[in-house]
Number of protein chains: 2
Amino acid sequence: MANFYINPNNVVNELPKNDQPKFFMFGVPSYTNLGDQAISLAERKYIEAEFPEYQYIEIVEEDDDAAIPIVKQCITRQDIVAFTGGGNMGNLYLNHERARRKVFSTFTNNLTISFPQSIHFEDNEAGIYEQKLSQAAYQKNQNLVLVARDAQSYHRMQTTFNNKVIFTPDMVLYMQPMNEKKLTRQGSLFVLRRDSEKVVKDTVIQNIKALLSTHQPIEFTDTVLDTVKTITPNTREELFKKELSLFSGQEIVITDRWHAMVFSVLTGTPCLLMGNSYGKGKHAYFDWLEHINWISYTDEEDTARIKQEIKVVMEASTHAYDLRPDFKQLHDLISLGVDR
Amino acid sequence: MANFYINPNNVVNELPKNDQPKFFMFGVPSYTNLGDQAISLAERKYIEAEFPEYQYIEIVEEDDDAAIPIVKQCITRQDIVAFTGGGNMGNLYLNHERARRKVFSTFTNNLTISFPQSIHFEDNEAGIYEQKLSQAAYQKNQNLVLVARDAQSYHRMQTTFNNKVIFTPDMVLYMQPMNEKKLTRQGSLFVLRRDSEKVVKDTVIQNIKALLSTHQPIEFTDTVLDTVKTITPNTREELFKKELSLFSGQEIVITDRWHAMVFSVLTGTPCLLMGNSYGKGKHAYFDWLEHINWISYTDEEDTARIKQEIKVVMEASTHAYDLRPDFKQLHDLISLGVDR
């Protein structure tokens, strides 16, 4: 049975019967990656703030299959279909890609939006095979618009698909900076991947750890939680706030997770981001965040140079910034709706 | 008296009287920067290839003032007004910025397109003053669309102006790669700025020169010619081809000029690009060209590391690439015309 999250505390099995236009967000994560959870939270906040005329309905990923026929039966021309953003378009996370194909190729008469994503199909037999399946599915929908969250992905989407492509930051950058009272910051937080995208060498991490040994305590974590089994639209905001609060207390964050950089931006926490297997964090950093002084990106492995880079971000003052104007292409798209 | 270049060999003082929709391109360079000349050539080739229904009319920059009232008298709703692209939006090249303001604030009833640009207003009194003047001028035109040629400029334009902003590569990247017979390449070409955007240290250049002393001859040049006084739409294509031919003969190009990298892309010439004062080449490289193997960008000053980077691009094989799909937002804009 499909669950529809009408708002975080209202989960129903039937779609509401009213004349209000609906905004259906498919693929909402229930897994414990706080980056992806923050995206789905930001997506809801964005639509509720900027397009309050829509009733926002979330479908978590494991309910996608059950929900599709129900939505198909009730959907009207004024409704919008969307699939959640993230860094999983391509052949590395096939469960997500398959769900995307199904949603895109089903609701072909409605404005369909693939929320801000990075894309990576591997340049091997499996990657090319999966890319063809996605091309076939996406091109069935003439009303599908893809949103790229970095320029590399914008180029890749435009050369891979025939669909319209627009360009905005990751949705979490729509969130406003935290204006907490000045906290006492203490210690270093290492936020590190344990998945197939990991490329940072353990020796580099060990060297940075030795560098930062004067900044006690040193804590290791990941933005993928193992303290809970599942996260829902009901529970994500509290966990997100808790994570931001953790970041707010650090003198420095060392990470290879793009969203750990984003959380550092939101909390004014000095942060050094390192690479993943296909450059999604690096590109998003250069595209949107290079002007933010307390964060930086590096591919460096030389300890003396890393030390200097850490010094620069730790000595930087925070300042105002605003990425909201960068969502204008998305705003224009939704404003025009099916009449675009 | 204003000159209108109907096509490169047909210069007239009166606008043609016919029913064909017109595409007016203002600000066309007559100065001897081959990068900007290549842009204006690519702009004509783009419109003539993709929108042959338009009569393409160029106005070189020194004729802008005289041409504005003439165009104003003849223009009809179906016509499009454009201002040439480049890397000069901002307060560093005020003659261009002033001409842009005048054109944008005059033709407010026509689709007006600022072709792909980088933008840089300095963060000082002069920069802020000029930025306000530009904001006032641009916002008079609700039909003005700005095109950013890198993500940093896309962000800056969206946070500076209220106008719609779209995202495409530099127009020269619309040009097709040269398919000349395999040339014998010999020697190194240093293509270096002598202007206010220069930041690369002379010692770094001297060290690279020493590195490449085995690749004789070593030649120094700039993409700004001093062998001619002026370039017009009549003469630019021949000079552009001559420049590409010069690049085609090199084993390696070392440069801080973005268009020297672009010419290296077009000719399959190994190239290492270094920075300018505000990162326009760096950002455009990461946004559009990182997947092209025979070119690279560096901020490095360490000779051993630069040596390694040069080795990588010199050993890379050329491969097919296609940036034409990346102009889709511009294509859609012009296709819709005033009915967008």
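Before reading on, note that the structure itself is shown above.
Here the residue numbers are simple positions, counted from 1 along each chain's written sequence. Labels are handed out in written order, letters beginning with A for the chains and numbers beginning with 1 for the ligands. Totals for whole chains, interfaces and linings use every residue, but because this is a predicted model, local features are given only for residues with pLDDT of at least 70 and side-chain atom pairs only at 80 or more, for both listing and counting. Hydrogens and water are ignored here; the side-chain numbers use all heavy atoms of the structure.

Here we look at the overall build of chain A
Right, on to step 1. When its secondary structure is counted, chain A shows eleven helices and 14 strands.
Right, on to step 2. A radius of gyration in this sense is built from C-alpha atoms; the matching globule rule multiplies 2.2 Å by the number of residues raised to 0.38. Over its C-alpha atoms chain A spans a radius of gyration of 20 Å, differing by no more than 12% from the 20 Å that the globule rule assigns to 340 residues.
Right, on to step 3. Remark: exposure states derive from per-residue accessible area (1.4 Å probe, protein chains only) relative to the maximum for the residue type, with buried under 20%, exposed over 50%, and partly exposed in between. In chain A, buried positions account for 57% of the 340 residues.
Right, on to step 4. Contact definition: two residues touch when any of their heavy atoms are within 4.5 Å. The contacts of chain A with a sequence gap of at least 6 include a subset with a gap of at least 24, amounting to 76%.
Right, on to step 5. Looking at chain A, you have 36 positive and 45 negative side-chain charges, and the mean spots of the two groups are 1 Å apart. Numbering of helices and strands starts at the N terminus; helices are DSSP runs of H or I of at least 4 residues and strands are runs of E of at least 2. Working convention for charge: Lys and Arg count positive, Asp and Glu count negative, and His plus the chain ends are omitted. Where a charge lies is defined by one atom per residue type: Lys uses NZ, Arg uses CZ, Asp uses CG and Glu uses CD.

Things to note about the packing of helix α2 (residues 64–74) of chain A against helix α3 (residues 94–106) of chain A
All names here are of chain A.
Right, on to step 1. A fitted line through C-alpha atoms serves as each axis, taken over the contacting stretch for helices, and the angle formed by two N-to-C directions is quoted from 0 to 180°. As a packed pair, α2 and α3 sit with axes 11 Å apart at the nearest point and diverge in direction by 5°. Considering the angle they form, α2 stands roughly parallel to α3. On α3, the residues touching Asp64, Asp65, Ile68 and Lys72 of α2 are Ala99, Lys102, Val103 and Thr106.
Right, on to step 2. Amino acids are sorted into nonpolar (Ala, Val, Leu, Ile, Met, Phe, Trp, Tyr, Cys and Pro), charged (Asp, Glu, Lys and Arg) and polar (every other residue, Gly among them). A class-by-class count of the residues in the contact of α2 with α3 yields three nonpolar, one polar and four charged. Relative orientations are named as follows: roughly parallel for angles under 35 degrees, roughly antiparallel for angles over 145 degrees, roughly perpendicular for angles from 65 to 115 degrees, and oblique for any other angle.

Considerations on the packing of aromatic side chains
Right, on to step 1. Side-chain rings of Phe, Tyr and Trp, where Trp is taken by its six-membered ring, are said to pair if the distance between their centres is within 6.5 Å; with planes under 30 degrees apart they count as stacked, over 60 as edge-to-face, and otherwise as tilted. This structure, assessed with the given rule, holds 46 aromatic pairs over all chains.
Right, on to step 2. With 5.3 Å between their ring centres and 40° between their planes, Tyr154(A) and Phe167(A) make a pair best called tilted. Taken together, the positions of Tyr154(A) in helix α5 (residues 151–160) and Phe167(A) in strand β9 (residues 164–167) put the pair 13 residues apart, joining distant regions of the chain. For the residue pair Tyr154(A) and Phe167(A), the accessibility class agrees, reading buried in each case.
Right, on to step 3. Clustering of aromatic rings is evident, with ring pairs tying together Tyr154(A), Phe167(A), Trp288(A), Tyr154(B), Phe167(B) and Trp288(B).
Right, on to step 4. Our definition puts a charge over a ring when NZ of Lys or CZ of Arg is within 6 Å of the ring centre and also within 35 degrees of the ring normal. For Arg324(A), the ring lying beneath its charged end belongs to Tyr174(A), and the centroid distance is 4.0 Å.

Quick word on the pattern of salt bridges
Right, on to step 1. Any carboxyl oxygen of Asp or Glu that lies within 4 Å of a side-chain nitrogen of Lys or Arg is treated as forming a salt bridge with it. On inspection of all chains with the given rule, the structure shows 48 salt bridges over all chains.
Right, on to step 2. The partner of Glu237(A) in a salt bridge is Lys45(A), with the nearest N and O atoms 3.1 Å apart. Of the two residues, Glu237(A) sits in helix α7 (residues 236–248) while Lys45(A) sits in helix α1 (residues 34–50), which places them 192 residues apart along the sequence.
Right, on to step 3. Its relative accessible area of 29% is what places Glu237(A) among the partly exposed residues.
Right, on to step 4. Assessed through its relative accessible area of 32%, Lys45(A) is described here as partly exposed.
Right, on to step 5. One salt bridge in this structure joins Arg194(B) and Asp226(B), with 3.8 Å as the shortest N-O distance. You can see Arg194(B) sitting in the loop between β10 (188–191) and α6 (202–211) and its partner Asp226(B) sitting in the loop between β11 (218–221) and α7 (236–248), a full 32 residues away along the chain.
Right, on to step 6. Judged by its relative accessible area of 58%, Arg194(B) falls in the exposed class.
Right, on to step 7. When its relative accessible area of 61% is taken as the criterion, Asp226(B) is described as exposed.

Considerations on the environment of Thr235(B)
Right, on to step 1. Among the secondary structure elements, Thr235(B) is positioned in the loop between β11 and α7.
Right, on to step 2. On a C-alpha basis, the gap between Thr235(B) and His319(B) in space is 31 Å, while along the polypeptide they are 84 residues apart.

Notes on the interface of chain B and chain A
Right, on to step 1. At the interface, 27 residues of chain B touch 27 residues of chain A.
Right, on to step 2. In short, buried area is how much 1.4 Å probe accessible area vanishes from two parts on joining, totalled over both. With both sides pooled, the region where chain B packs onto chain A buries about 2,200 Å², and carbon together with sulfur makes up 45% of that total.
Right, on to step 3. Taken as a group, Tyr154(B), His155(B) and Gln158(B) account for 22% of the area that chain B buries against chain A, more than any other trio of residues on that side.
Right, on to step 4. Across the contact surface, chain B and chain A share four salt bridges.
Right, on to step 5. Any N or O atom pair separated by 3.5 Å or less is treated as a polar contact, with the protein-specific requirement of one donor-capable and one acceptor-capable atom, and with residues adjacent in sequence counted only for side-chain atom pairs. The interface formed by chain B and chain A contains 21 residue pairs in polar contact (both at pLDDT 80 or more).
Right, on to step 6. Listing elements by their share of the side of chain B that touches chain A, those giving two or more residues are α5 (151–160), β9 (164–167), α9 (280–289) and α11 (328–336) of chain B.
Right, on to step 7. By residue number, the principal contributor to the side of chain B that touches chain A is α5(B), which donates six residues.
Right, on to step 8. Here the side of chain B that touches chain A is composed, by residue class, of nine nonpolar, eight polar and ten charged.

A closer look at helix α8 (residues 258–267) of chain B
Residues and elements named next belong to chain B.
Right, on to step 1. In terms of residue burial, α8 counts as a mostly covered element, since ten of its ten residues are buried.
Right, on to step 2. Turning to α8, its buried residues are Trp258, His259, Ala260, Met261, Val262, Phe263, Ser264, Val265, Leu266 and Thr267.
Right, on to step 3. At the exit of α8 stands glycine 268, carrying a positive phi of roughly 65°.

Description of the sheet that holds strand β13 (residues 271–273) of chain A
The strands making up a sheet associate through backbone hydrogen bonding, with each pair oriented either parallel or antiparallel.
All names here are of chain A.
Right, on to step 1. Ordered in space as β11-β10-β12-β13-β14, the five strands form an open sheet in which the pairing is parallel. Each edge of the open sheet is held by one strand with a lone partner, namely β11 (218–221) and β14 (295–297). Strand-to-strand twist of the sheet, defined as the mean angle between neighbouring strand axes without regard to direction, takes the value 15°.
Right, on to step 2. Two strands form a pair only when DSSP identifies at least two bridges running between them. Two strands pair when backbone bridges link them, and strand β10 (residues 188–191) and strand β12 (residues 252–255) are joined in this way by four bridges, in the parallel orientation. Along β12, the bridge assignment pairs leucine 189 with valine 253.

Here's the deal with the packing of helix α1 (residues 34–50) of chain B against α7(B)
Residue and element names in this part refer to chain B.
Right, on to step 1. For the pair α1 and α7, the least separation of the axes is 10 Å and the interaxial angle reads 115°. Considering the relative orientation of α1 and α7, their crossing is left-handed. Judged by residue contacts, Leu34, Gln37, Ala38, Ser40, Leu41, Arg44 and Lys45 of α1 engage Arg236, Glu237, Leu239, Phe240 and Glu243 from α7.
Right, on to step 2. In terms of residue class, the contact of α1 with α7 is made up of five nonpolar, two polar and five charged. Crossing handedness: left-handed means the near helix sits turned counterclockwise from the far one by under a right angle, and right-handed means the same turn made clockwise.

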